[in-house]
Amino acid sequence: MQNTQEFDVIVVGGGHAGLEAAHIAAKMGARVHLLTILVENIALASCNPAIGGLGKGHLVKEIDALGGVMGQITDACGIQYRTLNASKGPAVRGTRAQIDMDAYRIYARNLALNTPNLTISQEMVSEILVAPTEDLGAKTPPSSPTTPRFKAIGVRTNIGKSYHAHKVIITTGTFLRGLVHIGENRLENGRFGENASNDLSASLAALGLKLGRLKTGTCPRIDGRSIDFASLERHDGDENPPSFSYQSMLEPKSFAPVQLPCFVTYTNERTHELIRENFHRAPLFTGQISGVGPRYCPSIEDKINRFADKERHQLFLEPQTKDGVEYYINGLSTSLPFDVQEQVVASIAGLENAKITRYGYAIEYDYVLPTQLHHTLESKAVDSLYLAGQINGTTGYEEAGALGLMAGINATLSLQDLEPKRFRFSRKELVLRRDESYIGVMIDDLVTKGTEEPYRVFTSRAEYRLLLREDNAIYRLLTYAKELGTIEKSSLAIFTKDMGDIAYALEFLRTNSLTPSRQSLEFLSMQGLQPITQKTPLITIIGRDEFGDFTALERFLISLASKDSKALDSGMESKAAFSKGSWALDSIPAFSTFSLQALEQIRIEAKYHDYIKKQQASIENMQAMLAVQIPQDFCYEGISGLSLEVIEKLSKTRPKSLFDASKISGITPASLDVLHLYIHLRSKSKNDRINPEC
């Protein structure tokens, strides 16, 4: 008789997605079991030893805001911190940290082993157990689309042990039929040295899920003692290192990292010549690799082939641990044979005598086409089965972590439907909108548009990126963290007060102005601000780059109120009111009592006030459009501007509203605009029918 155990949630895979999924579900009260091939490698940084970056830093802060752990671990294990795009606006800045990859996985492992409600075992899952929705007994997976609807009820491992649960989350990374390429050599690995998961891939296919094939790669690592640092450019971290977790922001003394430098070098003509001479041995060009690789992180052989006119390519040498014994050559991803890799590395300045400790390689793996998922990341084909991470077609630790977090949250929220009632939340599911988070943008892109290449997040993917900044992630998502119970009460109290302070101050600044009186001009001069020549809203003055002293502003406003000055012009209606232009003392924001993070939010919101207002209006218009109901007898045939694929999907699904239509895979914003127009034309038509073909 097989040994079985019962859980609320089973998580398969212990990478970044698996850790976030298991941790958040356990934090929300579910009984969780995590199955992973090697417990020692939970949340291992398989590729570059870094977290964050442009767009990716936003994801880490959103993970942190919702109760995830990636930001916390990064702040504890980072060895260099920088703000990318620091000279640009806050919407496109990105926090990035080099991590001690050994310390990171050890911290992650210990965190997981010490998380209440979470148990872990070192096994490889070979099969997903399912049952018809009306039957809780384990059954053989469906053999054809015509069989009854099934739900996931557990898994079976490679040692013959079965685990049962109400929900199953698959986070297999690159392990599904993983195939490592180093030159002509091919290894059935999910990561170098670790066995691929072939049986689980077959199990997913047997469930009716359509699989695709992707490829990614990694760079050689070299012995730090063999590098000639004297000939390299040194890149240090920021003098005031930026953190990822809001806990580090609330307790700045706890965040005092020791930072190590990175170094920069370049490929050269000799490097390029060596690579070109060996194109015939490159798996990428010989047809040995069939999977599609990441567009924005090509291998060095691909770069030499596609950008033949470039004389050199920049390479970053990044320490893998605080001891600096190994360095990762960022920018030199390759699957060339080991002997060619050795020659290529030796041709680079500073690396003439470098010793490779780990060779670069490419890896192909299966993924599930993400259009087969709901926005909750639950499978459309199999109930109670959730997918997260690279199995959804993404690339990167941050994308994986964010997807794992959302799968864990939604799997746990869905437990409320079970009897007896053990869970109670204020919502049935959590689907973040595109105007709320980068997580929402990513998931919406994946499940509606799909992807045929490894998907990564960029700030350019977000239509409302001015509202989706790193700095306001905790405020954007605070309500959800409160509803889920994933934020500490003390932190919740602090950020709730902040939000009240920010809202009141911005309303005050928007509705009150300064006139160019003597007192006003003197104050502006003392603050190093340009004088005003007409009545000017306070929010415009605060938004100037030169402004920085809120306490001085508070004192100045109090002095004006005390003198019943005419320098102020108020349009603000409040309980404090105004009498003949006088300033009510109790209406002035107590800036001196505001937190530093609240003041920073006020400054940014003031600076981009007009642009933010336009984006918020655009969001309101979009929400109003999505609320439009679609007549049940509406005919989609022959509508100009809709593709045949879109017409077929709409006709088959019969969505009740434009919002419902927006959640159908393949329905683009442009399609919604066209549909909205035709619904409007129909409502205005006398004969209630626009399309003569219907």
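Predicted, not measured: the structure shown is a model, and the values here were computed from it.

### Observations regarding the pattern of salt bridges
Line of reasoning, step 1. Scanning the entire structure with this criterion turns up 42 salt bridges.
Line of reasoning, step 2. Among the salt bridges present, the one from Glu399 reaches Lys56, with a minimum N-O distance of 2.8 Å. In this pair, Glu399 sits in helix H11 (residues 397-413) while Lys56 sits in helix H2 (residues 56-65), placing the two residues 343 residues apart along the sequence.
Line of reasoning, step 3. For Lys56, a relative accessible area of 11% translates into the label buried.
Line of reasoning, step 4. When salt bridges that share partners are traced, they join Arg434, Asp444, Asp445, Lys449 and Glu463 into one network.

### As for the packing of aromatic side chains
The relative placement of two aromatic rings is captured by the distance of their centres and the angle of their planes.
Line of reasoning, step 1. Counted under the stated rule, the structure contains 15 aromatic pairs.
Line of reasoning, step 2. Between Phe279 and Phe285, the ring centres sit 4.8 Å apart and the planes meet at 70 degrees, which makes this aromatic pair edge-to-face.
Line of reasoning, step 3. Judged by relative accessible area, which is 19%, Phe279 ranks as buried.
Line of reasoning, step 4. Assessed through its relative accessible area of 32%, Phe285 is described here as partly exposed.
Line of reasoning, step 5. Grouped by ring-pair contacts, the aromatic residues Phe547, Phe550, Phe591 and Phe594 constitute a single cluster.
Line of reasoning, step 6. Lying over the aromatic face of Phe458, Arg456 brings its terminal NZ or CZ to 4.1 Å of the ring centre.

### A short note on the side chain of Glu554
Line of reasoning, step 1. Tracing the sequence through the fold places Glu554 in helix H17 (residues 550-562).
Line of reasoning, step 2. The side chain of Glu554 is buried and forms no salt bridge, while Arg555, the nearest opposite charge, is found at 7.5 Å.
Line of reasoning, step 3. Of note is the side chain of Glu554, whose polar atom sits 2.7 Å from the backbone nitrogen of Ser592.
Line of reasoning, step 4. When sequence neighbours within four positions are dropped, the list of residues in contact with Glu554 reads Ile588, Pro589, Ala590, Phe591 and Ser592.

### Some words on helix H22 (residues 669-684)
Line of reasoning, step 1. In this model H22 runs 23 Å from its N-terminal to its C-terminal C-alpha over 16 residues, within 8% of the 22 Å that 1.5 Å per residue would give.
Line of reasoning, step 2. Turning to H22, its buried residues are Ser671, Leu672, Val674, Leu675, Tyr678, Ile679 and Arg682. Seen end-on, H22 carries its buried residues on one side only, within an arc spanning 160 degrees. For H22, exposure combined with an orientation more than 90 degrees from the buried face picks out Ser683 and Lys684.

### Side note on the sheet that holds strand E5 (residues 94-99)
Line of reasoning, step 1. Pairing is antiparallel across the open sheet formed by three strands, whose spatial order is E3-E5-E4. Because the sheet does not close on itself, it has two edges, and the strands there are strand E3 (50-52) and strand E4 (78-84). Neighbour to neighbour, the strand axes of the sheet diverge by 20 degrees on average, direction disregarded.
Line of reasoning, step 2. Contacting E3, E4 and E5, helix H3 (residues 70-77) runs over the sheet at an angle of about 115 degrees to E4.

### A word on the sheet that holds strand E19 (residues 326-330)
Line of reasoning, step 1. Spatially, six strands are ordered E16-E17-E18-E19-E15-E20 in an open sheet, and the strand pairing comes out antiparallel. Each edge of the sheet is formed by a strand with only one pairing partner; in this case those strands are strand E16 (233-235) and strand E20 (356-358). Within this sheet the neighbouring strands show an average axis-to-axis angle of 35 degrees, counted without direction.
Line of reasoning, step 2. Pairing of strand E15 (residues 221-223) with E19 involves three bridges; the strand directions are antiparallel. Bridge pairing in E19 places Arg221 opposite Tyr328.

### A word on the nonpolar core
Line of reasoning, step 1. Formed by 133 residues in total, the largest nonpolar core has its most connected members in Leu385 and Ile602.
Line of reasoning, step 2. At nine residues, the largest contribution of residues to this core is made by H11.
Line of reasoning, step 3. Residues within four places of Ile602 in sequence aside, it is in contact with Ile502, Ala505, Leu506, Leu509, Phe550, Phe591 and Phe594.
Line of reasoning, step 4. Residues Ile275, Ile304, Leu317 and Ile348 belong to the second largest nonpolar core, which totals 23 residues.

### Notes on empty space enclosed by the protein
Line of reasoning, step 1. A complete count under the given rule lists two cavities of 30 Å³ or more for this structure.
Line of reasoning, step 2. Estimated volume of the second largest cavity: approximately 40 Å³.
Line of reasoning, step 3. Forming the walls of the second largest cavity are Pro220, Ile300, Leu332, Thr334, Leu336, Gln341, Val344 and Val345.
Line of reasoning, step 4. At three residues, the largest contribution of residues to the lining of the second largest cavity is made by helix H10 (residues 338-346).
Line of reasoning, step 5. Its residues assigned to classes, the lining of the second largest cavity shows six nonpolar, two polar and no charged.

About the criteria used
Residues numbered from 1 in each chain as written. Predicted model: local features only at pLDDT ≥ 70, side-chain atom pairs only at ≥ 80, totals over all residues. Heavy atoms only, no water. Salt bridge = Lys/Arg side-chain N within 4 Å of Asp/Glu carboxyl O. Helix = DSSP H or I, 4+ residues; strand = E, 2+ residues; numbered from the N terminus. Buried < 20%, exposed > 50% of the residue type's maximum accessible area, 1.4 Å probe, protein only. Phe/Tyr/Trp six-rings, centres within 6.5 Å; stacked < 30°, edge-to-face > 60°. Lys NZ or Arg CZ within 6 Å of the ring centre and 35° of its normal. Lys, Arg positive; Asp, Glu negative; His and termini not counted. Polar contact = N/O pair within 3.5 Å; in protein donor to acceptor, adjacent residues only side chain to side chain. Contact = heavy atoms within 4.5 Å. Expected span 1.5 Å × (residues − 1). Arc of directions from axis to C-beta. Pairing = 2+ DSSP bridges. Axes fitted to C-alpha atoms, helices over the stretch in contact; angles between N-to-C directions. Core = buried A, V, L, I, M, F, W, Y, C linked by side-chain atoms within 4.5 Å. 1 Å grid on protein atoms, 1.4 Å probe; cavity = no way out; pocket = protein on both sides within 12 Å on 5 of 7 lines; lining within 4 Å. Points joined across faces, edges and corners; volume = space filled by probe spheres on them. Nonpolar A, V, L, I, M, F, W, Y, C, P; charged D, E, K, R; others polar.

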